[in-house]
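# A closer look at the structure
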Amino acid sequence: MADSIPRPHDRTPHTPSYTPSYTLIDEVDGLYEVKGLLEEETAIGVDLECDSMFHYQERVCLIQIATTRKNFVIDPISIGELSPLAPVFLNPRIEKVLHGADYDIRSLYRDFRIEVQSLFDTQIAARFLGLKETGLASLLRERFSVLTDKKYQKKDWSQRPLPDAMIHYAVQDIHYLLPLADMLKAELKERELLFCVEEENELLSHVRPDDSKNKPLFLNFKGAARLGPRSLGVLQKLLSFRDREARRRDCPHFKVLGNKPILEMARNKPISVDQLSDIEGLSAKLIRQLGQRLIGCIREGLNLAEERLPVYPKKPRQRPGATVAARVKTLKTWRDRKGKALGVDPALVLTNAQIHAVAEKSPETPGALTSIEGIRNWQVERFGPEICAALQKTDLPK
């Protein structure tokens, strides 16, 4: 492997077929060697590949790390553990550059209890700059004239050995992360927005996986909140069956049965295999394979005693009074105009949830905004006076 890698620090077009060099690490000894090299860096680019499309319990299958000189592809499946890298990710002196880091932060903690400090998310940076397309492929095409082939994105990254073409794909994105971060930081500094992104990155670095093992499966199922108790009981039986079957087959839930036919069965409650043919999304093959068991689940739900039927936990919603509603309208109008003036998504200025919280409290000074849950310090500094001024100008009902 070459000792150094040419890094694109300008917008000179690069050949899309260019494949950066890399070192594959698949033994613990190599991991310790990489740890020593990374501890000498001030910034590293990081990306992960997982197998969520192929197994019941998803896991991190590959970790790609770039420095200004070298690219490393680390194989945690072959190595078995990644504890030597934990101090690197926790070291506040070493900036970790990722793109769309939420999933990666959660995955690193879930699989290896690795925590990340000094995060810089290039997607968050792109949003604050008001870029229309914030996906990494779009940014690489725009900034470096690099076309990434996404055909490997949904491949099985748990297979071993990995084809060279898949590893080349995995390396290409991280190769440009550090120069991309440099570009975006320079633009953020110029627009005095870097401190906003830094706060968002700090908050993002603390996200953790959702620990919902002991919660009913319907709580994470889209559409469940609109079902009555009996339909919810049927839904829970169907979801439990799908979960058991996915675990037995070692595959994701959707490869057993999709959400749409499950929701339709919970609503319509067919009680015979013949009636399953009316359910959209249930093929004749699926009915032959699963029909009897699905009907068994539905009947179990229908036979549940009234006192055992689940109820979806709904937060009590209070309609805001006329005064609060007027403030909400004023703040939304101000927010939308501000977002347009700045050239960013208005939700970045204030989310709807933040607007409602501010309207309820109606702070008179920017300092009072800091006591409102969910309000960022950068929002107070950047927009505090304008928010308070808008509230004061609200036309309140007589």
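Being a predicted model, the structure only gives us computed values, none of them experimental.

Calculation criteria
Starting from 1, residues in each chain are numbered consecutively following that chain's sequence as written. Confidence filtering applies because this is a predicted model: local features only for residues at pLDDT of at least 70, side-chain atom pairs given and counted only at 80 or more, and all residues used for totals across whole chains, interfaces and linings. Only hydrogens and water are removed before side-chain values are computed, so all heavy atoms of the structure are retained for them. Strands here mean DSSP runs of E at least two residues long; helices mean DSSP runs of H or I at least four residues long; both are numbered from the N terminus. Here the term buried applies to any residue with accessible area under 20% of the maximum for its type, exposed to any over 50%, and partly exposed to those in between, with areas from a 1.4 Å probe on protein chains only. Contacts: residue pairs with any heavy atoms within 4.5 Å of one another. Surface accessibility in these figures is a Shrake-Rupley result with a 1.4 Å probe; residues are shielded only by whichever protein chains are displayed. Counted as positive: Lys and Arg. Counted as negative: Asp and Glu. His and the chain ends are not counted at all. The atom standing in for a charge is NZ when the residue is Lys, CZ when it is Arg, CG when it is Asp and CD when it is Glu. Definition used in this section: a nonpolar core is a set of buried Ala, Val, Leu, Ile, Met, Phe, Trp, Tyr and Cys residues joined via side-chain atoms within 4.5 Å. For helices, the fitted axis covers only the stretch in contact; all axes are lines through C-alpha atoms, and the angles between them, taken along N-to-C directions, range from 0 to 180 degrees. The labels follow the angle: roughly parallel below 35 degrees, roughly antiparallel above 145, roughly perpendicular from 65 to 115, and oblique for the rest. The crossing is said to be left-handed when, going from far helix to near helix, the turn is anticlockwise and less than a right angle, and right-handed when the turn is clockwise. Under the convention adopted here, Pro, Cys and the residues Ala, Val, Leu, Ile, Met, Phe, Trp and Tyr are nonpolar, Asp, Glu, Lys and Arg are charged, and Gly plus all remaining residues are polar. At least two DSSP bridges between two strands are needed for those strands to be called paired. Think of a patch as exposed residues, more than 30% relative accessible area, with no salt bridge, where like charges cluster within 9 Å and nonpolar side chains (Val, Leu, Ile, Met, Phe, Trp, Tyr) cluster within 5 Å. Within this document, salt bridges are pairs made up of a side-chain nitrogen of Lys or Arg and a carboxyl oxygen of Asp or Glu, the two lying within 4 Å of each other. The span expected for a helix works out to 1.5 Å for each residue beyond the first. When the centres of two rings from Phe, Tyr and Trp lie within 6.5 Å, Trp using its six-membered ring, the rings pair. Their planes under 30 degrees apart give stacked, over 60 give edge-to-face, and anything left gives tilted. We define a polar contact as two N or O atoms separated by no more than 3.5 Å, with the added condition that, inside protein, one atom must be a possible hydrogen donor and the other a possible acceptor, whereas residues neighbouring each other in sequence contribute only through side-chain atom pairs.

Across its full length, the protein carries 17 helices and 6 strands. C-alpha atoms of the protein, sized along the principal axes, occupy 70 × 70 × 35 Å. Per-residue burial for the protein yields a buried fraction of 46% across its 398 residues. Relative to all contacts within the protein whose residues are 6 or more apart in sequence, the contacts with residues 24 or more apart total 67%. By element, 49% of the accessible surface of the protein is carried by carbon and sulfur atoms, the whole surface being about 21100 Å². Charge separation in the protein, taken as the distance between the mean sites of 60 positive and 55 negative side-chain charges, equals 8 Å.

The next thing to look at is the nonpolar core. If you look at the biggest cluster of nonpolar residues, it comprises 75 residues, and the most contacted ones within it are Ile63, Ile65, Ile74, Leu188 and Ile387. When residues of this core are assigned to their parent elements, the largest contribution, 7 residues, is made by helix α8 (residues 177-190). When neighbours within four sequence positions are excluded, Leu188 is seen to be in contact with Phe120, Ala125, Phe128, Leu129, Leu193, Leu194 and Val197. Of all hydrophobic cores here, the second largest spans 29 residues; its members include Leu227, Leu232, Leu239 and Ile262.

Contact geometry for helix α13 (residues 322-342) and helix α17 (residues 377-392): axes closest at 10 Å, N-to-C directions at 140°. Viewed along their axes, α13 and α17 adopt a mutual orientation that is oblique. Considering the relative orientation of α13 and α17, their crossing is right-handed. Across from Arg327, Thr330, Leu331, Trp334, Lys338 and Leu342 in α13, the residues of α17 making contact are Arg382, Phe383, Glu386, Ile387, Ala390 and Leu391. Class assignment for the residues of the contact of α13 with α17 results in 7 nonpolar, 1 polar and 4 charged.

What follows is about the pairing of strand β2 (residues 43-50). With 8 of 8 residues buried, β2 is to be regarded as a mostly interior element. Both faces of β2 are covered, namely the face carrying Ala43, Gly45, Asp47 and Glu49 and the face carrying Ile44, Val46, Leu48 and Cys50. Where β2 and strand β3 (residues 60-66) come together, 6 bridges link them in antiparallel fashion. Directly across from Glu49, in β3, lies its bridge partner Leu62.

For the rest of this paragraph, the subject is a negative patch on the surface. On the surface, Asp26, Glu27, Asp29 and Glu33 cluster together into a patch of negative charge. Relative to the helices and strands, Glu27 resides in the loop between β1 (23-25) and α1 (28-38). A relative accessible area of 53% means that Glu27 is categorised as exposed.

Further remarks concern helix α7 (residues 164-175). Between its terminal C-alpha atoms α7 stretches 16 Å, which fits the 16 Å expected from 12 residues at 1.5 Å a residue. With respect to burial, α7 is a largely interior element, 9 of its 12 residues being buried. Of all the residues in α7, the buried ones are Met166, Ile167, Tyr169, Ala170, Val171, Gln172, Asp173, Ile174 and His175.

Here we come to the packing of aromatic side chains. Counting across every chain of the model gives 6 aromatic pairs. Ring geometry for Phe144 against Tyr176: centres 5.1 Å apart, planes inclined by 35°, an arrangement best described as tilted. Taken together, the positions of Phe144 in helix α6 (residues 136-144) and Tyr176 in the loop between α7 and α8 put the pair 32 residues apart, joining distant regions of the chain. The exposure class of Phe144 is buried, given its relative accessible area of 0%.

To continue, consider unusual backbone geometry. The amide bond that connects Arg160 to the next residue, Pro161, takes the cis arrangement and shows omega of 0°. The topology assignment puts Pro161 in the loop between α6 and α7. The backbone of Arg113 sits at a positive phi, close to 55°, despite the residue not being glycine. Relative to the elements of secondary structure, Arg113 occurs in the loop between α4 (102-112) and β6 (119-121). Arg113 sits in the exposed class, given a relative accessible area of 53%. The residue Ser145 is not glycine, and still its phi comes out positive at about 55°. With respect to the helices and strands, Ser145 occurs in the loop between α6 and α7.

Attention now moves to the sheet that holds β6. Where strands meet in a sheet, backbone hydrogen bonds hold them as pairs that are either parallel or antiparallel. Read from one edge to the other, the open sheet built from 6 strands follows the order β1-β4-β3-β2-β5-β6, with strand pairing classed as mixed. Two strands lie at the open edges of the sheet, namely β1 and β6, each paired on one side alone. Between one strand axis and the next, the sheet turns by 25° as a mean value, whatever way the strands run. Note: β2 against strand β5 (residues 95-98), 3 bridges, orientation parallel. For Ile44, the partnering residue across the bridge sits in β5 and is Lys96.

Moving on, we get to the side chain of Thr394. Its location among the elements puts Thr394 in the segment after α17. Engagement of the side chain of Thr394 in a polar contact is seen with the backbone oxygen of Ala390, the distance being 3.2 Å. Polar side-chain contacts of Thr394 include one of 3.0 Å to the backbone oxygen of Leu391. Each residue touching Thr394, except ones within four places of it in the same chain, is listed here: Ala326, Arg327 and Thr330.

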